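One letter stands for each residue in the lines below.
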Amino acid sequence: MKLTLHVWRQPSADASGRFVRYDANDVSPDMSFLEMLDVVNEGLASRGESPIAFDHDCREGICGACGVMINGVAHGPSRGTATCQLHMRVFRDGDEIWVEPWRAQAFPVVKDLVVNRNALDRIVASGGYVSVNTGSAPDANGIPVPKDDAERSMDAAACIGCGACVAACPNGSASLFTAAKVSHLGLLPQGQAERYRRALRMVAQMDLEHFGGCSLFGECQEACPKEISIDVISRMNRDFLRAAVTAPAAAASSGGDG
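Residues numbered from 1 in each chain as written. Predicted model: local features only at pLDDT ≥ 70, side-chain atom pairs only at ≥ 80, totals over all residues. Heavy atoms only, no water.

Draft legend 1. Focus on the overall build of the protein chain. Helix and strand content of the protein chain: eight helices and seven strands. When the backbone C-alpha atoms are referred to their principal axes, the protein chain occupies close to 70 × 40 × 35 Å. With 258 residues in all, the protein chain has 45% of them scored as buried. Summed over its atoms, the accessible surface of the protein chain is roughly 13400 Å², and 50% of this surface lies on carbon and sulfur atoms. A gap of 3 Å separates the mean positions of the 24 positive and 31 negative side-chain charges of the protein chain. (Helix = DSSP H or I, 4+ residues; strand = E, 2+ residues; numbered from the N terminus. Buried < 20%, exposed > 50% of the residue type's maximum accessible area, 1.4 Å probe, protein only. Areas by Shrake-Rupley, 256 points an atom, 1.4 Å probe, with all protein chains shown as cover. Lys, Arg positive; Asp, Glu negative; His and termini not counted. Charge placed at Lys NZ, Arg CZ, Asp CG, Glu CD.)

So, in structure tokens, the structure goes:
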């Protein structure tokens, strides 16, 4: 296959960027999108030019590092697929492909296709710890978990933190990401002790990071490579509202400052 790439090049966070045209020749349909970029970078390096900077790690759809916009779509045209899992056979010989980084206020561009997604880490950190009883190992079935709750928790825990939901959302909201992190613990018995406090803190941190508000547009679940449903957002909102109402009352009754 022979393809024409238009790749966003930006030398640093403070510099202005632009699209640069590259020819990608002899592209195998069996290559992943990142392998195709590797081949393009080999050609650039052989000519003494700066290679295209892009994030990657596991290349197995697990780490969430590889996200880019491909023809205006987060992770590209294949549903439920991370960029590293996208194969070039979904494109046709002679296609033009536009590649750019996530576009969101909370994800500043570092270089080329690389963005700073530390805001997502700070949201997770704000959730705090999970209380557990220490001592001898409990019996395997000591804490019964309903099958439906376990499955919904696992679905939410599948989030890889890639940020596609933010990039795809017209509001730049991180609600799907935050809700997935809140829900996968909130659905399990082990996560009940800090359930409502966790929702309150993580939503507050999400707002501090300047993500946009959620209007349930739904583009986030379409872009999510793990196909996480926006149902988790409704659950997070319920937990947040309960926490917002009960936290001041609990602080007052205990003499705390809230």
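Draft legend 2. The arrangement of helix 3 (residues 147-157) in detail. Looking only at helix 3, the buried set comprises D149, S153 and A156. An end-on view of helix 3 places all buried positions within 60 degrees of arc, on one side of the element. Looking at helix 3, the residues exposed on the side facing more than 90 degrees away from the buried face are K147, M154 and D155. (Arc of directions from axis to C-beta.)

Draft legend 3. Layout of the packing of helix 3 against helix 5 (residues 175-186). Axis separation between helix 3 and helix 5 bottoms out at 8 Å; the angle between their running directions is 145 degrees. Judged by the sense of rotation from one axis to the other, the crossing of helix 3 with helix 5 is left-handed. Contacts between helix 3 and helix 5 pair S153, A156 and A157 from the former with A180, S183 and H184 from the latter. Grouping the constituent residues of the contact of helix 3 with helix 5 by class yields three nonpolar, three polar and no charged. (Axes fitted to C-alpha atoms, helices over the stretch in contact; angles between N-to-C directions. Left-handed = near helix turned anticlockwise from the far one by under 90°. Contact = heavy atoms within 4.5 Å. Nonpolar A, V, L, I, M, F, W, Y, C, P; charged D, E, K, R; others polar.)

Draft legend 4. A look at the pairing of strand 1 (residues 3-9). Within strand 1, seven of the seven residues are buried, which leaves it mostly tucked inside the rest of the structure. Residues L3, L5, V7 and R9 line one face of strand 1 and the alternating positions T4, H6 and W8 line the opposite face, and both faces are buried. Where strand 1 meets strand 2 (residues 18-24), seven bridges bridge the pair, whose relative direction is antiparallel. What sits directly across from W8, in strand 2, is F19. (Pairing = 2+ DSSP bridges.)

Draft legend 5. Molecular detail of the sheet that holds strand 4 (residues 73-74). Ordered by their spatial adjacency, five strands build an open sheet running 2-1-5-3-4, and the pairing between neighbours is mixed. Of all the strands in the sheet, the pair left with one neighbour each is strand 2 and strand 4. Bridge count for strand 3 (residues 69-70) against strand 5 (residues 96-100) is two bridges, and the pairing is antiparallel. In the sheet register, M69 faces strand 5, and the bridge partner there is E100. The sheet strands contacting helix 1 (residues 33-46) are strand 1, strand 2, strand 3 and strand 5, and the helix crosses strand 1 at an angle near 80 degrees.

Draft legend 6. Region of the structure containing unusual backbone geometry. Even without being a glycine, H75 presents a positive backbone phi close to 70 degrees. Assignment of secondary structure puts H75 in the loop between strand 4 and strand 5. Residue H75 is classed as buried on the basis of its relative accessible area of 1%.

Draft legend 7. Main features of the packing of aromatic side chains. The full count for this structure, using the stated rule, is four aromatic pairs. Ring centres of F19 and W98 lie 5.2 Å apart, and the angle between their planes is 80 degrees; this geometry places the pair in the edge-to-face category. Here W98 lies in strand 5 and F19 lies in strand 2, a separation of 79 residues in the sequence. Taking the relative accessible area as the measure of exposure, F19 reaches 30% and is therefore partly exposed. Ring centres of F33 and F91 lie 6.2 Å apart, and the angle between their planes is 50 degrees; this geometry places the pair in the tilted category. You can see F33 sitting in helix 1 and its partner F91 sitting in the loop between strand 4 and strand 5, a full 58 residues away along the chain. One cation-aromatic arrangement involves R103 over W8; the distance from NZ or CZ to the ring centre is 4.3 Å. (Phe/Tyr/Trp six-rings, centres within 6.5 Å; stacked < 30°, edge-to-face > 60°. Lys NZ or Arg CZ within 6 Å of the ring centre and 35° of its normal.)

Draft legend 8. Molecular detail of the pattern of salt bridges. Under the counting rule described, the total for this entry stands at 17 salt bridges. Between E49 and R47 there is a salt bridge; the shortest N-O distance is 3.1 Å. Between D149 and R152 there is a salt bridge whose closest N-O contact spans 2.9 Å. Remark: R152 and D149 occur in helix 3; sequence separation between them is three residues, near one turn of the helix. Owing to a relative accessible area of 37%, R152 belongs among the partly exposed residues under this scheme. The network of salt bridges with shared partners includes R79, E222 and E227. (Salt bridge = Lys/Arg side-chain N within 4 Å of Asp/Glu carboxyl O.)

Scope: geometric values only; no functional claims are made or implied.
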